[in-house]
Amino acid sequence: MNEQHPIRPSLLTTVAVCAALTLVATGCARGEDDAAAPASDGGGEGQAQVLDEAASGDETCSAADHGIEGFDLTDKKVGFSQSEAESNPFRITETQSIKDEAEERGVDLITSNAQSDFAQQISDVQDLMSQGAEVLIIAPLNSDGWKPVLDAAEADSVPIITVDRPINGTACADFVTFIGSDFVEQGRRAADQMIDTLGGEGEIAILLGAPGNNVTTDRTDGFVERIEAEAPDVEIVFEQSGDFTREGGQSVTEQLIQSEPDIDGIYAQNDEMGIGAVTALNGAGKEPGDVAIVTVDGTEAAVEHIVDGWISAVVESNPRFGPLAFEAAEAFGAGEEVGTNLIITDREYDAANAEEELSNAY
Ligand code: GYE
């Protein structure tokens, strides 16, 4: 649909169209093509990201709107700042996807990893700029606290694309676009799976993600909203942060087993914490299926735990940001309108499809 058709303001209302088109040219078409084609990015054969046109909305930003001169992306050095340590497959796959796409396009890329230290990430991004990065792709650790970077980027006319977590600020002033999942919806889908597995009744715990970013709050809000609306007999009796890490998930679950030995379900806000929970439950003598576990991400290890019966369901969060991030940067540089909130679709794994869909996991 409308392949070469950039969004024009006069069309904005009728063009709920392809928010993607946003990502202009290939944006709309890419989704359908890639649904069938194996991705060449990180995470093996997994499916590339596909935009959810309706969820993405129709707000756009062009270089002119942003007050930045147009450019040819192939002439630019791109800086990528990773937030968390790459012990989590989400991070490994995300970074690899960015690197693969840069290589495929022949774009010069420099990278950094803040190892979950926010002050480090701020100085990493400043370093990327002093090493000559003229376009930034940032996977932010926290959503607030970016002012020093935003000011420096503005002073140097460096466009910022944020991926996987947003930066709180004003689109097309502080950054060009956010590309990522609908985290509230992920929470709702996790709740649906939990309600289903428990038959609408039981006591459950939430292993919260790291504080300070909206992924954790949104995955909580969507989950709680759906449980309250649909399952009055499901009671949330325990909530604690496992910091999005495997160790965190394990140690919080060990405490949970002490205080709530008969817990019926655990909603872990990412796979790494869910796998930590499995280790803790196993260590406490529980068997697969004794506790319903629902997680978010879609790592291979988690999807394998659906197959072996430990995990009931996994809501995907697709980290293969390379193609869309570079497409957005290219379109922005070329003077086109780019959607400021590019929301991707995520799949879901459960006992019915885990085995056959394992190749999409990362
Ligand atoms: O789910 C989790 C990671 O920000 C969407 O962060 C990302 C989340 C992802 O630690 O595994």
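Conventions we followed
- Residues numbered from 1 in each chain as written.
- Predicted model: local features only at pLDDT ≥ 70, side-chain atom pairs only at ≥ 80, totals over all residues.
- Heavy atoms only, no water.
- Pairing = 2+ DSSP bridges.
- Helix = DSSP H or I, 4+ residues; strand = E, 2+ residues; numbered from the N terminus.
- Axes fitted to C-alpha atoms, helices over the stretch in contact; angles between N-to-C directions.
- Contact = heavy atoms within 4.5 Å.
- Salt bridge = Lys/Arg side-chain N within 4 Å of Asp/Glu carboxyl O.
- Near = heavy atom within 4 Å.
- Polar contact = N/O pair within 3.5 Å; in protein donor to acceptor, adjacent residues only side chain to side chain.
- Areas by Shrake-Rupley, 256 points an atom, 1.4 Å probe, with all protein chains shown as cover.
- Nonpolar A, V, L, I, M, F, W, Y, C, P; charged D, E, K, R; others polar.
- Expected span 1.5 Å × (residues − 1).
- Buried < 20%, exposed > 50% of the residue type's maximum accessible area, 1.4 Å probe, protein only.
- Disulfide = S-S within 2.5 Å.
- Parallel < 35°, antiparallel > 145°, perpendicular 65-115°, else oblique.
- Left-handed = near helix turned anticlockwise from the far one by under 90°.

A. Highlighting the sheet that holds strand 3 (residues 108-113). The six strands are arranged 3-2-4-5-6-13 in an open sheet whose pairing can be described as parallel. Strand pairing shows two members of the sheet lacking a second neighbour, strand 3 and strand 13 (341-343), which therefore form its edges. Each strand axis lies, on average, 15° off the axis of its neighbour in the sheet, ignoring direction. Sheet topology note: the strand 2 (residues 77-82)/strand 4 (residues 135-138) ladder contains four bridges and is parallel. Looking at strand 4, one finds that phenylalanine 80 is bridged to isoleucine 137. In the packing of helix 4 (residues 89-105) onto the sheet, contacts are made with strand 2, strand 3, strand 4 and strand 5 (160-163), and the angle to strand 2 comes to roughly 175°.

B. A look at the pattern of salt bridges. If you walk through the whole model with that rule in mind, you get 17 salt bridges. Lysine 76 is paired through a salt bridge with glutamate 134; the nearest N and O atoms lie 3.6 Å apart. Of this pair, lysine 76 sits in the loop between helix 3 (63-66) and strand 2 while glutamate 134 sits in the loop between helix 5 (118-130) and strand 4, placing them 58 residues apart in sequence. We note a salt bridge from glutamate 185 to arginine 188, for which the minimum N-O separation is 2.6 Å. Residue glutamate 185 and its partner arginine 188 are both found in helix 7 (residues 183-198); the two are separated by three residues, about one turn of the helix. Taken together, the shared-partner salt bridges in this structure form one network comprising Glu84, Arg91, Glu94, Asp164 and Arg165.

C. Fine view of the site of the ligand. Taken together, the neighbourhood of the ligand is formed by 13 residues, with Glu84, Arg91, Asp164, Arg165 and Asp297 sitting nearest. At 2.6 Å, a side-chain N or O of glutamate 84 approaches an oxygen atom of the ligand. Aspartate 164 is positioned with one of its side-chain polar atoms (N or O) 2.7 Å from an oxygen atom of the ligand. Protein chains bury 100% of the 300 Å² of accessible surface belonging to the ligand in isolation. Residues that form the shell around the ligand fall into these classes: four nonpolar, three polar and six charged.

D. Spotlight on helix 4. Over its 17 residues, helix 4 runs 24 Å from end to end, which matches the ideal 24 Å to within 8%, given 1.5 Å per residue. Inspection of helix 4 places Pro89, Phe90, Arg91, Thr93, Glu94, Thr95, Ser97, Ile98, Glu101 and Ala102 among the buried residues, and these make up the whole buried set. The opening residue of helix 4, the one whose side-chain oxygen lies 2.9 Å from the backbone nitrogen of phenylalanine 90, is asparagine 88. Within two residues after helix 4, glycine 106 carries a phi angle of roughly 65°, on the positive side.

E. Layout of the state of the cysteines. What the rule picks out here adds up to one disulfide. Covalent S-S linkage joins cysteine 61 and cysteine 172, the inter-sulfur distance amounting to 2.1 Å. Between cysteine 61 and cysteine 172, the S-S dihedral sits near 75°, and the bridge is therefore right-handed. With cysteine 61 in strand 1 (residues 60-61) and cysteine 172 in the loop between strand 5 and strand 6 (177-180), this pair connects stretches of sequence that are 111 residues apart.

F. Up close: the sheet that holds strand 11 (residues 313-316). Ordered in space as 8-7-9-10-11-14, the six strands form an open sheet in which the pairing is mixed. In this open sheet, the two strands that pair with only one neighbour each are strand 8 (234-241) and strand 14 (348-350). Going across the sheet, the axis of each strand differs from the next one's by a mean of 15°, ignoring polarity. Bridge count between strand 9 (residues 265-268) and strand 10 (residues 292-297): three bridges; the pairing is parallel. Opposite tyrosine 267, over in strand 10, you have valine 294 as the bridge partner. Of the strands in this sheet, strand 7 (202-208), strand 8 and strand 9 are in contact with helix 9 (residues 246-259), which crosses strand 8 at around 135°. Along the sheet, helix 10 (residues 271-283) contacts strand 7, strand 9, strand 10 and strand 11; its crossing angle with strand 10, the most-contacted strand, is approximately 155°.

G. Expanded view of helix 7. When the terminal C-alpha atoms of helix 7 are compared, their 23 Å separation across 16 residues agrees well with the 22 Å that a helix rising 1.5 Å per residue should span. Three or more residues of helix 7 are buried, namely Phe183, Gln186, Gly187, Arg188, Arg189, Ala190, Ala191, Gln193, Met194, Ile195 and Leu198. If you check the start of helix 7, you find a side-chain oxygen 3.3 Å away from the backbone N of valine 184, and it comes from aspartate 182. A positive phi of about 65° marks glycine 199, the residue just after helix 7.

H. A look at the packing of helix 5 against helix 6 (residues 147-155). It is at 9 Å that the axes of helix 5 and helix 6 come closest, and there the two elements cross at 15°. Considered as vectors, helix 5 and helix 6 are oriented roughly parallel to each other. Along this stretch, helix 5 crosses helix 6, giving a crossing that reads as left-handed. Here helix 5 contributes Ile122, Val125, Gln126 and Met129 to the contact with helix 6, which in turn contributes Pro148, Val149, Ala152 and Ala153. When grouped by side-chain class, the residues that make up the contact of helix 5 with helix 6 number seven nonpolar, one polar and no charged.

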